[in-house]
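# Observations on chain architecture
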Protein chains: 2
Amino acid sequence: MRNIKVVLAYDGTRYCGFQKQPGGLPTVQGVLEESLARLAGREIRVTAAGRTDAGVHARGQVVNFFTDWTVPTDRVVAALNGLLPDDIAALAAEEVPAAFHARKSARTKTYVYTVYNAPVRHPLHRLYALHVDRPLDVDGMRAAVAHLAGRHDFSSFQNTGRPVASAVRHLYEGRVERDGPFVRFTFRADGFLYQMVRIMVGTLLEVGLGRLQPDAVGAILVARDRAQAGPTAAPHGLCLEHVEY
Amino acid sequence: MRNIKVVLAYDGTRYCGFQKQPGGLPTVQGVLEESLARLAGREIRVTAAGRTDAGVHARGQVVNFFTDWTVPTDRVVAALNGLLPDDIAALAAEEVPAAFHARKSARTKTYVYTVYNAPVRHPLHRLYALHVDRPLDVDGMRAAVAHLAGRHDFSSFQNTGRPVASAVRHLYEGRVERDGPFVRFTFRADGFLYQMVRIMVGTLLEVGLGRLQPDAVGAILVARDRAQAGPTAAPHGLCLEHVEY
């Protein structure tokens, strides 16, 4: 059996997340496994680096799967893209050692959250950025995100739904940048809790809108209490950017 | 009667162009006039700077309309955006002199055509950029577009369907730029013939792909023969960027 690693990009708009759902709801995994089955002539089950939520996008999702399918790796990308719908694409594929596991082997994952910060909503940015109509205080959000960097228990930034043994994660990078009307949040960590990025962004936006002091984010982190953090920011601003192995 | 000018942005993906069509096909004009009628309590007919084709987008379309509607101009944007679907938005509105005509008063219009130039298609760029999988020769396309700048008879770059008295237009600016995987074509002129930008881009892409010499574009211009130019590039890469008055 060969172990194949594939890098994927997708527009999450019309999917109920990456992970296969009961009841035939459209999922990225479902569509991908269906295309792989057609190519390989038998069922293939993929493992993904990150189980992105409904509406979340990806530029660098990584999956792996085991197969005795004999197509050369350099043909996998073209073969897959010939079958996948236009909102999902394979960007690269390679054969990897048997021990490679898309999620467990990942050293860091990088997510980017994009906000379109302008008084009036923009039709050409509505699918991939959250619209915030009041001016955001980027310096304040930068001061706030500094409290989150490092190794911490991130229980305050986790929604219920996917229980984990430990809520300790190492956030290697938390950045906030303005680029014209866009404000981009970049987070790189050894792992993320359920909806952690969206809750961090929702909390930072409270700071950006002046409803919360930057230092309060440090207190929220220490409290280990989801109720103290801000709302969960909408999914469509979020993108799984890169997975490092 | 007041004359109101409104700047619009829209995602043209699901519209059969700007201009109202018989048979109830979805058009930007149809949706806009419906919202205006609901706000003003009577029928309003708008005039647009550019009648964008089916699938073409806008960041800076301009319309004007006459009305005795008494809502203050600074409320028109919010009122309209409350009714318009999320793929159309009013960005600005102002009262203008009675002589202002969105199309006839325009001094120049600027269109931008975006190509995503990478070996593999990308789901997150599919709606607003044409995918070209082979590397484009940007220098060659720059040399070619230089033949088009200036005042010329652009008959070679006009499709049938909208007869005009004269095919002479002044192209003030024709630029080709690479920005990472994107190649952007910018055209500013006193007016454009039917599908002129898309035919110019289709012809320049022939140069970019090495199928046509840059100097051939000068000969095509002089020939005043549509058959000699390249294909009409797909609409979804095109955006009406700005109208200058």
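Residues numbered from 1 in each chain as written. Chains lettered and ligands numbered in written order. Predicted model: local features only at pLDDT ≥ 70, side-chain atom pairs only at ≥ 80, totals over all residues. Heavy atoms only, no water.

### With respect to the overall build of chain A
The helix and strand tally for chain A stands at five helices and 10 strands. On C-alpha atoms alone, chain A measures out to a radius of gyration of 19 Å, which is about the 18 Å that the 2.2 N^0.38 rule sets for 245 residues. Out of the 245 residues in chain A, the part that is buried amounts to 54%. Residue pairs at least 24 apart in sequence account for 70% of intrachain contacts in chain A once pairs closer than 6 positions are excluded. Summed over all atoms, the accessible surface of chain A reaches about 10700 Å², with 50% contributed by carbon and sulfur. Across chain A, the mean location of the 29 positive side-chain charges is 3 Å away from that of the 24 negative side-chain charges. (Helix = DSSP H or I, 4+ residues; strand = E, 2+ residues; numbered from the N terminus. Rg over C-alpha atoms; globule rule 2.2 N^0.38 Å. Buried < 20%, exposed > 50% of the residue type's maximum accessible area, 1.4 Å probe, protein only. Contact = heavy atoms within 4.5 Å. Areas by Shrake-Rupley, 256 points an atom, 1.4 Å probe, with all protein chains shown as cover. Lys, Arg positive; Asp, Glu negative; His and termini not counted. Charge placed at Lys NZ, Arg CZ, Asp CG, Glu CD.)

### Brief notes about the relation of the copies chain B and chain A
Overlaying chain B on chain A yields an RMSD of 0.0 Å, the required transformation being a rotation through 180° with an accompanying axial translation of 0.0 Å. This pairing of chains is accounted for by a two-fold axis. Closest approach to the rotation axis among the C-alpha atoms of chain B is made by Leu127(B), whose C-alpha sits 5.2 Å away. Take the interface residues of chain B: 100% of them recur as interface residues in chain A, which is what a same-surface contact looks like. (Least-squares fit on C-alpha atoms with pLDDT ≥ 70 in both.)

### Concerning the environment of Val168(A)
Residue and element names in this part refer to chain A. As for its position among the elements, Val 168 is in strand β8 (residues 168–179). Between the C-alpha atom of Val 168 and that of Phe 192, which follows or precedes it by 24 residues, the distance is 9.3 Å. Setting aside residues up to four positions removed in sequence, Val 168 forms contacts with Arg 151, His 152 and Asp 153.

### Points about the domain arrangement of chain A
All names here are of chain A. Domain boundaries in chain A define domain 1 (2–96) and domain 2 (108–244). Put simply, the middle of domain 1 and the middle of domain 2, counted by C-alpha atoms, are 27 Å apart. Each partner contributes residues to the interface: domain 1 has 16 residues there, and domain 2 has 16 residues. A combined buried area of about 1300 Å² lies between domain 1 and domain 2, and 53% of that area is made up of carbon and sulfur atoms. Sorting the residues of domain 1 by area buried against domain 2 places Asp 53, His 57 and Arg 59 first, and these three jointly supply 37% of that buried surface. Across the contact surface, domain 1 and domain 2 share three salt bridges. With its nearest N and O atoms 3.8 Å apart, the salt bridge here joins Arg 162 to Asp 53. Taken together, the links from domain 1 to domain 2 amount to 12 residue pairs in polar contact (both at pLDDT 80 or more). Across the side of domain 1 that touches domain 2, the residue classes break down as five nonpolar, seven polar and four charged. (Domains from an automatic or database assignment. Buried area = accessible area lost by both parts, 1.4 Å probe. Salt bridge = Lys/Arg side-chain N within 4 Å of Asp/Glu carboxyl O. Polar contact = N/O pair within 3.5 Å; in protein donor to acceptor, adjacent residues only side chain to side chain. Nonpolar A, V, L, I, M, F, W, Y, C, P; charged D, E, K, R; others polar.)

### Some thoughts on the layout of surface pockets
Over the atoms, a rolled probe matching the size of one water molecule traces out where space is still vacant. Approximately 950 Å³ is the volume attributed to the largest pocket. Residue assignment for the lining of the largest pocket shows that the elements contributing at least two residues are β3 (57–67), β5 (108–117), β9 (182–189) and β10 (238–244) of chain A together with β3 (57–67), β5 (108–117), β9 (182–189) and β10 (238–244) of chain B. Taken together, the residues that form the lining of the largest pocket break down as 14 nonpolar, nine polar and seven charged. Here the second largest pocket is characterised by a volume of approximately 590 Å³. Arg51(B), Lys109(B), Gly191(B), Phe192(B) and Leu193(B) are the residues nearest the centre of the second largest pocket, which is lined by 27 residues in total. Contributions of two or more residues to the lining of the second largest pocket are made by β5, β8 (168–179) and α4 (196–208) of chain B. Ranked by the residues each element gives to the lining of the second largest pocket, the list is headed by α4(B), at three residues. Broken down by class, the residue content of the lining of the second largest pocket amounts to 13 nonpolar, five polar and nine charged. (1 Å grid on protein atoms, 1.4 Å probe; cavity = no way out; pocket = protein on both sides within 12 Å on 5 of 7 lines; lining within 4 Å. Points joined across faces, edges and corners; volume = space filled by probe spheres on them.)

### Describing helix α2 (residues 73–83) of chain B
Residue and element names in this part refer to chain B. Where α2 is concerned, the buried positions are Thr 73, Val 76, Val 77, Leu 80 and Asn 81. What you see down the axis of α2 is that its buried residues fit within an arc of 115°, all on one side. Residues Asp 74, Arg 75, Ala 78 and Gly 82 are exposed on α2 and point more than 90 degrees away from its buried face. Along its buried surface, α2 packs onto β1 (2–10), α1 (28–40) and β4 (88–96). (Arc of directions from axis to C-beta.)

### Details of the confidence of the model for chain A
Looking at chain A, pLDDT values average 96 and 100% of them are 70 or higher. For this predicted complex, the interface confidence comes out at an ipTM of 0.93, alongside a pTM of 0.94. (pLDDT = per-residue confidence, 0-100.)

### Some remarks on unusual backbone geometry
All names here are of chain A. Phi angles above zero are rare outside glycine, and Gln 195 is one such case at about 60°. Relative to the helices and strands, Gln 195 resides in the loop between β9 and α4 (196–208). Under the relative-accessibility criterion, Gln 195 is labelled buried at 17%.

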